[in-house]
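# Chain and residue survey
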Amino acid sequence: MIRILRILFCLYLALSLPEALHAQEPIPSFGAEGKLTIEHYNPYISATASTMASSGEILIGGSISDPSNTGKFKTYIAKLLANGQLDENFGTKGFVYLDLGNNYEQVKKILALPNGKFMVGHEYTDTRVAMAISRLNEDGSLDKTFAQQGWLTYPSAFGDFDVYPDGSILVAPALPDTRQFRLIKFSASGTIDHSYPSYFSADGEIRPTYLKILEDGRLLLAGYYANQYLSTSQKAFIGRSLANGRNDETFGTQGLTKLETTEGFIAREVKVMIKSDGNLTVLANGHISVLLAQIETNGAITKGFNEGRPKLFQSRTHDFIPTDTKLDTQGNILLAGITKDTRGTYQFGGRRILANGNFDQNFGYAGKLEVETQLLRNETLIITLLSDQQIL
């Protein structure tokens, strides 16, 4: 029996086009009339990460059940051509299956490298939660020159990682119950660099979910404050460190800016987008709500955005909950997420927010981009800005 992969790609025109094209329409050359659904024989498959290569090819990854072992899930990577077709030269008919030998594995991040290879961040559960990073060749095969088998492991839940221009890797693992998180550096060949014992400090227990190496060598870090006894205190944060991993005290308060609201927001995952002027857009996903904020280069919350406060989307008061964000070339915020109509039906939704924090009423139809996709309430959507004029 064929199982439909629960991810739908829709390619749309963005609003850098002429005034007459205010209503976004699917691009017919992608999939079938701008929409693509991938079919798979496996009884369970889900998508949790995606990225785009410089050549325009799209990679998605997630978990897939092991038909030979009930209850075990391994990871997969699928590669799509620019027209939405599976790349038959990648793995087996466009799919690569990775089994790290654990009971439950999932893809957390895919990063395209300039040389055509790919880095994949995994999280797995066996007797404990741990993370792994693998490196794939262009054809999807494991790069056996990396680490011992093509992947390395670290005994911590997945936080994030990034890659330096020389190919070395910096990892921010989500270590439990600590006011510091260690930044781990690996060489391009996958061996640990013991000369980089750096810790980023905070005034509470923190979990990193985002790491970015800046051009000047400094680091952007984001995540949330975790309190296992009082979950309502899980505030989002963004921080900046020096090249050695120590707090950059010229940013925020001792290197940190907290994103707080009075509505009891509980942060789960925090993402950051860097604008052309160096300012930051921060999207913090919660359990049933999402927080959006603009941050200046010194860590201060931008006063001209939403009257100087983070913008909160709550499912009980909003008909749209964003799950991912990208910036267009003008610095406006593109959001993808789940929208609910008057019948209570969940669909794919898109919005654009202007620099002042207001919705752009010229985006889509009366400020809304909606596609009927028969979504379930808990499905996650990923948005990718393919060019100045196209949104995936």
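What comes next is a walk through the structure. Keep in mind it's a predicted model, so treat the numbers as computed, not measured. (Residues numbered from 1 in each chain as written. Predicted model: local features only at pLDDT ≥ 70, side-chain atom pairs only at ≥ 80, totals over all residues. Heavy atoms only, no water.)

### A closer look at the packing of aromatic side chains
Scanning the model with the defined rule gives six aromatic pairs in all. Seen in terms of ring centroids, phenylalanine 158 and phenylalanine 161 are 6.3 Å apart; in terms of plane orientation they differ by 85°. Their pairing is edge-to-face. Side by side, phenylalanine 158 and phenylalanine 161 carry an identical accessibility label, which is buried. Through a chain of ring-to-ring contacts, three or more aromatic side chains come together here, namely Tyr76, Phe95 and Tyr97. A cation over a ring is seen here: lysine 109 above phenylalanine 161, with NZ or CZ 4.9 Å from the ring centre. A cation over an aromatic ring shows up here: lysine 185 above the ring of tyrosine 164, its NZ or CZ 4.7 Å from the ring centre. (Phe/Tyr/Trp six-rings, centres within 6.5 Å; stacked < 30°, edge-to-face > 60°. Buried < 20%, exposed > 50% of the residue type's maximum accessible area, 1.4 Å probe, protein only. Lys NZ or Arg CZ within 6 Å of the ring centre and 35° of its normal.)

### Quick notes on the pattern of salt bridges
Within this structure, the stated rule accounts for 10 salt bridges. Taking the shortest distance from any N to any O, the salt bridge between lysine 79 and aspartate 87 comes out at 3.7 Å. Across this residue pair, the class does not change: lysine 79 and aspartate 87 are buried. Here arginine 218 ties to aspartate 216 by a salt bridge, and the two come within 2.9 Å at their closest N and O atoms. Note on arginine 218: relative accessible area 27%, which makes it partly exposed. We classify aspartate 216 as partly exposed; its relative accessible area is 48%. (Salt bridge = Lys/Arg side-chain N within 4 Å of Asp/Glu carboxyl O.)

### Considering the environment of isoleucine 58
For isoleucine 58, the location among the structural elements is in strand β5 (residues 58–65). Placed 20 residues apart in sequence, isoleucine 58 and alanine 78 show a C-alpha to C-alpha distance of 8.3 Å. (Helix = DSSP H or I, 4+ residues; strand = E, 2+ residues; numbered from the N terminus.)

### Digging into the nonpolar core
Core analysis: the biggest nonpolar cluster contains 20 residues, and Ile238, Leu259, Val272, Leu280, Val282 and Ile295 have the highest contact counts within it. In terms of nonpolar packing, the next biggest core, distinct from the first, is built from 16 residues, Leu183, Phe200, Ile213 and Leu219 among them. (Core = buried A, V, L, I, M, F, W, Y, C linked by side-chain atoms within 4.5 Å.)

### Describing the sheet that holds strand β22 (residues 289–295)
Read from one edge to the other, the open sheet built from four strands follows the order β20-β21-β22-β23, with strand pairing classed as antiparallel. The two strands at the open ends of the sheet, each matched to only one other strand, are β20 (267–274) and β23 (311–314). Looking at each pair of strands side by side, their axes are set apart by 15° on average, direction ignored. Relative to strand β21 (residues 280–286), β20 runs antiparallel, the two sharing seven bridges. Its bridge partner lying in β21, methionine 273 is registered against threonine 281. (Pairing = 2+ DSSP bridges. Axes fitted to C-alpha atoms, helices over the stretch in contact; angles between N-to-C directions.)

### Re the pairing of strand β9 (residues 118–125)
Across the eight residues that make up β9, a large majority, seven, are buried. Of the strand pairs in this sheet, strand β8 (residues 104–112) and β9 are connected by eight bridges, and their pairing is antiparallel. What sits directly across from alanine 112, in β9, is phenylalanine 118. The turn joining β8 and β9, which pair antiparallel and follow one another in sequence, is formed by five residues; a positive phi near 95° is taken by glycine 116. Bridge analysis of β9 against strand β10 (residues 129–136) gives eight bridges, and the strand direction is antiparallel. If you follow methionine 119 over to β10, its bridge partner there is arginine 135. From the end of β9 to the start of β10, which pair antiparallel, there are three residues.

### Brief notes about the sheet that holds strand β16 (residues 206–213)
One open sheet accounts for four strands, arranged β16-β17-β18-β19; its pairing is antiparallel. Looking at which strands have only one partner, the edges of the open sheet turn out to be β16 and β19 (256–259). Strand-to-strand, the axes of this sheet are offset by a mean angle of 20°, without reference to chain direction. Taken together, the seven bridges between β16 and strand β17 (residues 219–225) define a ladder with antiparallel strand orientation. From the neighbouring strand, arginine 207 faces β17, where its bridge partner is tyrosine 224.

### Details of unusual backbone geometry
Of note, the phi angle at alanine 147 is positive, near 55°, even though the residue is not glycine. Along the chain, alanine 147 falls in the loop between β10 and β11 (151–154). Positioned with a positive phi, asparagine 306 is a non-glycine residue whose angle comes to about 50°. Assignment of secondary structure puts asparagine 306 in the loop between β22 and β23. Asparagine 306 gets classed as buried once you look at its relative accessible area, which sits at 17%.

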